[in-house]
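Each chain, letter by letter, is given below.
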Amino acid sequence: MSVLPEFENHAEQTIKTTTCYMCACRCGIKVTTEGNEIRFIQGNPDHPVNKGVLCAKGNAGIMKQKSPAKLTQPLVRKAGSERGDGEFEPISWDKALGLLTERLRKIRATDPKRLAFFTGRDQMQALTGFWASQFGTINWAAHGGFCSVNMAAGGLYMTGQSFWEFGDPDWDHAKYFMLWGVAEDHASNPIKIGLEKLKRRGARFVAINPVRTGYQAIADEWVGIRPGTDGLLALSFAHVLLKNEQFDWEFLARYTNATQLVIEAPNTSRHGLLLRDENGELQVWDQTSDGPASWNESSHENDVEAALFGEYTTPDGTRVKTVMTQLAEKYLSEDYAPEKVAATVGVDAETIERLALEMAHVAFQETITIDTPWTDWTGRRHEKFIGRPVAMHAMRGISAHSNGFQTCRSIHLLQILLGAVDCPGSHLAKPPFPKHIAPPIKPARTMAPDTPLSSPPLGFPMGPEDLVVDAAGEPLRIDKAYSWEAPIANHGMMHMVINNAVKGDPYPIDTLILFMANMSWNSSMNTAEVQDMLREKDEYGDYKLPFIVTSDAFHSEMVNFSDLVLPDTTYLERFDTISMLDRPISEPHAACDSIRQPIIDPDRDVRPWQEVLIDIGSRLEFPALTNPDGSARFKDYKEFITQWEKAPGIGFLAGWRGENGEQSMVGAPNPDQWQAYQDNDCFFEHHLPPEQRYYRFANKDYLEWSKSVGFNGHSGPIVMELYSEVLQKFRLAGQGLYDGPQPAHEVDRQRLVQYFDPLPDWYVPLEEQRVDNEQYPFHAVNQRPMFMYHSWDSQNAWLRQIMAQNYLYMNRQRGQSMGIEDLAWVWVQSHHGKIRCQVKLMEGCNPDTVWTWNAIGKQSGAWGLSDDAPESQKGFLMNHLISELLPARDGERGLSNSDPVTGQAAWYDLKVDIYPAAPGETGSYPTFDAIKRLPDMAAAPSVLRYHTHEPVNLERSLQDALSRGHLSSGDKR
């Protein structure tokens, strides 16, 4: 009998739980270690997010930990060396933090806004925002301005909830699912689980996307729309619904502002505002008394019968229309008829009408009910939840256009017309959403030396008074967020920081701190010129950006452009919080948050950025971090998280609060809170009782609970705003009619009038308005693959085996008609730049669209890759074609290439021309000089394998296999 092979000894292994950081899903994982080495990563079946499912990225966390690109020690740029050359010297942590602290102390004591602190996909914005507020600078934001702000703002200013990470389709009950512009990377495990449920139940799945990949590939119907026209398609759907009277009258009257009255007073400051009485109560038209009445009274059904449609004159002579009348007049116009929009959106009229009526049929003829009694905010008891089982979901393909804010609103309009919002079978909010419209936080404007901000740097303007501008109306923030150029820039405008700071527009800064933000490569439009900006000097030979600090765990392209490098840990080496104060891991029926805990010990001289922030804040004597005598209030990040309170009883972690850990959501600080999370697989889950799980915008029990735990400031209803008075105020300012601040510049006035329609609207994307569309006939977009996330993972040895070169994909028939063959090299040119790349032809692509995977292309020498890695020689970035500024017009200042409402970076507005490269023209262009390796970084290995011990030869003789079959449970493995 043969000798059994010797596998690993499980007695020497340890399993710990933590939260994955290989994408935005934040799945629960179980990590098996041997000594200080990772043996295996698997999904945690008890976790609320992924329920044990784990994707290629999550499994490949091992190779992220083993990446040769990991930073190993603090570094400072060598005196006399040029920025970008990668000439660094090691520096101790004490000296590095001392150097940075002294610089920051001088800034804080003189002009706090000369510090700009911007972070990438950090998953801890509550902490970094807190730090910026304590420092006293308004120049803080995270990645959302070039990622998702259109989605967030579009929902929060209309329904109080949103797509993206703020909600999920009701996978268990939806009968019809429409997916808008969703790439494969975002929420991939939950979406895969959900789609499996839909397919198993036979629900219909329709995908609206220019490209058929990933999720779209398994849709029952793929609608290959032309990029940037999704809003027009949604409004054409609305046209069909209204024309056929297929909308939920009761839902509109009870839960939205559809019955509220809009003032018709052209050329006055009242025009387009909502009618109110002397007490500020919003008014409806009471059909019983034939006069104005309180909307609040009509909602309580106190003998008031509010008109849904109508035009009236009030006793004082004011002409008014109901919101629903305004809405019907707009969308019943032939401008939105399927026959009129078909050529623009690239979808035939018959399909548009059919899809709209399919949704209506499911909503109104296949209604579902859940027999759970509940009480609405007026005190009315309902015996069951009524569900319109049409669910939608949307993401970056919608938000990354300069018309994305209004497009998001247009999709929400469809949901509202169908009554399919937070009800069984529809799209459901995830706690802490829904929020009141809009959340009552105004962006900070006033700053003073050595003084924290009185409000957070980011907030929700409700009118021109809330803009962050000076007395002359000029921007106060370095990114120009919350200025007349982008009034509702709820996530800031990170893509504009370097451009504005180098130009000194609106002013120069002293120090730029970047965390996990690869701003010299894939996170910047106009990549090559941004690198030049980072090197740009003034007439005295000094850098226009005087001091750049980067914190990252890996040798990204941005590291070499930094003056001080503070190496971060990996996600498997630190404590971390995914907080209810930020973007928690909640599910629709449960409020959830989680932590990360160290799985292995760092083998380098690195520190978690969280710890560094608390350390620097204590050194700078932030009031929240120091005692009256100036000593540190908290010994470290862990103690800060458990002891600090945003409000009495409310902190970063919601689980196991109270001195003994016996309370949830609200309670006194618990010194053993971290251990409680570790003992519970690193997550906390508060299940909503059945009566609170739907209609939460009007659900009395839920609204009262949400106030008690700090989600909302009051327990009143969240009234959906089909018509936005906030947008109308800005439009009035553009018209010169507003009783308050007005813009000084004509271009700002024009943009407010054109794009701030109080009803959901569609307009041609801004770049498309300004370029010759015959010269640049193709739309060019990118998306992130399911197996990689941003630039972090295309350095991963396992994931690189799936893809190490990206291609430009285009419609096969269109390509062949142009003489472009499969795998041919082509030139792609925009109004701004030119690249060379390799084409692959495919069927599932809109004929007027080309696309590629994002962030595969690398600068030679970066990320621990060899200088000749395919990512740098054949891979490419579309970023080289995109400018952060719109094409210029004579006499006009430079305008950001962004949504004019929110400042969202318009990555997907790009228009290009394509033509074959000449014979012999191969390889990606442009190319860049190889990045110099850091002082302590070894040469890139040609082969990277990983195992915790010597591999076991698994060969068995045929006789052994036949005679003994499988190894028994008692055998060694």
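Time to look at the state of the cysteines. As enumerated under the stated definition, the model contains zero disulfides in all. Cysteine Cys682 shares no disulfide, and the gap to the nearest cysteine sulfur, in Cys20, comes to 13 Å.

Next up on the list: unusual backbone geometry. Each neighbour pair has its own omega, and for Ile437 with Ala438 the value is -15°, a cis peptide bond. The topology assignment puts Ala438 in the loop between β22 (427–429) and α15 (497–503). Geometrically, the link from Asp505 to Pro506 is a cis peptide bond, its omega value of 15° lying close to zero. Turning to its location among the elements, Pro506 is positioned in the loop between α15 and β23 (511–515).

In contact at an axis separation of 9 Å, helix α7 (residues 230–243) and helix α10 (residues 323–331) are set at 110° when each is read in the N-to-C sense. One finds that α7 runs roughly perpendicular with respect to α10. Contacts between α7 and α10 involve Leu235, His239 and Leu242 from the former and Met324, Leu327, Ala328 and Tyr331 from the latter. Within the contact of α7 with α10, the residues separate by chemical class into six nonpolar, one polar and no charged.

Turning our eyes to something else, we now look at the sheet that holds strand β29 (residues 778–783). One key point about sheets: their strands pair by backbone hydrogen bonds, in either a parallel or an antiparallel sense. Here we have six strands rolled up into a closed barrel, ordered β29-β33-β30-β32-β31-β34, and mixed in their pairing. Across this sheet, the average inter-strand angle for adjacent strands is 45°, counted without regard to direction. Examined bridge by bridge, strand β31 (residues 825–829) and strand β34 (residues 911–916) share four bridges and lie antiparallel to one another. Bridging from a neighbouring strand, Val828 pairs with Ile914 of β34.

Pairing is parallel across the open sheet formed by four strands, whose spatial order is β11-β10-β9-β21. Both outer strands of the open sheet, β11 (221–223) and β21 (390–394), are each paired with one neighbouring strand and no more. Direction aside, neighbouring strands of the sheet carry axes that sit 15° apart on average. Bridge count between strand β9 (residues 176–180) and strand β10 (residues 204–208): five bridges; the pairing is parallel.

What follows is about helix α4 (residues 125–135). Here α4 lies mainly inside the structure; eleven of its eleven residues are buried. Where α4 is buried, its residues contact α3 (93–110), β6 (115–119), β7 (140–141), α17 (609–619) and α18 (637–643). Phi turns positive one or two residues past the end of α4, at Gly136, with a value near 105°.

Counted under the stated rule, the structure contains 50 aromatic pairs. A ring pair is formed by Trp521 and Phe928, whose centres lie 5.2 Å apart and whose planes are at 75°; its orientation type is edge-to-face. Taken together, the residues span a long stretch of sequence, with Trp521 in the loop between β23 and α16 (527–535) and Phe928 in the loop between β34 and α27 (958–964) at a distance of 407 residues. Lying over the aromatic face of Tyr702, Arg696 brings its terminal NZ or CZ to 5.8 Å of the ring centre. The cationic tip of Lys834 hangs over the ring face of Trp827; the distance from NZ or CZ to the ring centre is 4.4 Å.

Turning to the pairing of strand β24 (residues 547–552), a few remarks are in order. Counted residue by residue, β24 has six buried out of six residues, so it is predominantly covered. Residues Phe547, Val549 and Ser551 of β24 are buried on one face, and the alternating residues Ile548, Thr550 and Asp552, pointing to the opposite face, are buried as well. Taken together, β23, α16 and β24 form a β-α-β motif whose crossover is right-handed. Across four bridges, β24 lies against strand β25 (residues 564–567) in parallel orientation. By the bridge assignment for β25, Val549 is matched with Leu564.

Conventions and cut-offs
Residues numbered from 1 in each chain as written. Predicted model: local features only at pLDDT ≥ 70, side-chain atom pairs only at ≥ 80, totals over all residues. Heavy atoms only, no water. Disulfide = S-S within 2.5 Å. Helix = DSSP H or I, 4+ residues; strand = E, 2+ residues; numbered from the N terminus. Axes fitted to C-alpha atoms, helices over the stretch in contact; angles between N-to-C directions. Parallel < 35°, antiparallel > 145°, perpendicular 65-115°, else oblique. Contact = heavy atoms within 4.5 Å. Nonpolar A, V, L, I, M, F, W, Y, C, P; charged D, E, K, R; others polar. Pairing = 2+ DSSP bridges. Buried < 20%, exposed > 50% of the residue type's maximum accessible area, 1.4 Å probe, protein only. Phe/Tyr/Trp six-rings, centres within 6.5 Å; stacked < 30°, edge-to-face > 60°. Lys NZ or Arg CZ within 6 Å of the ring centre and 35° of its normal. Right-handed = clockwise from strand over helix to strand, strands pointing away.

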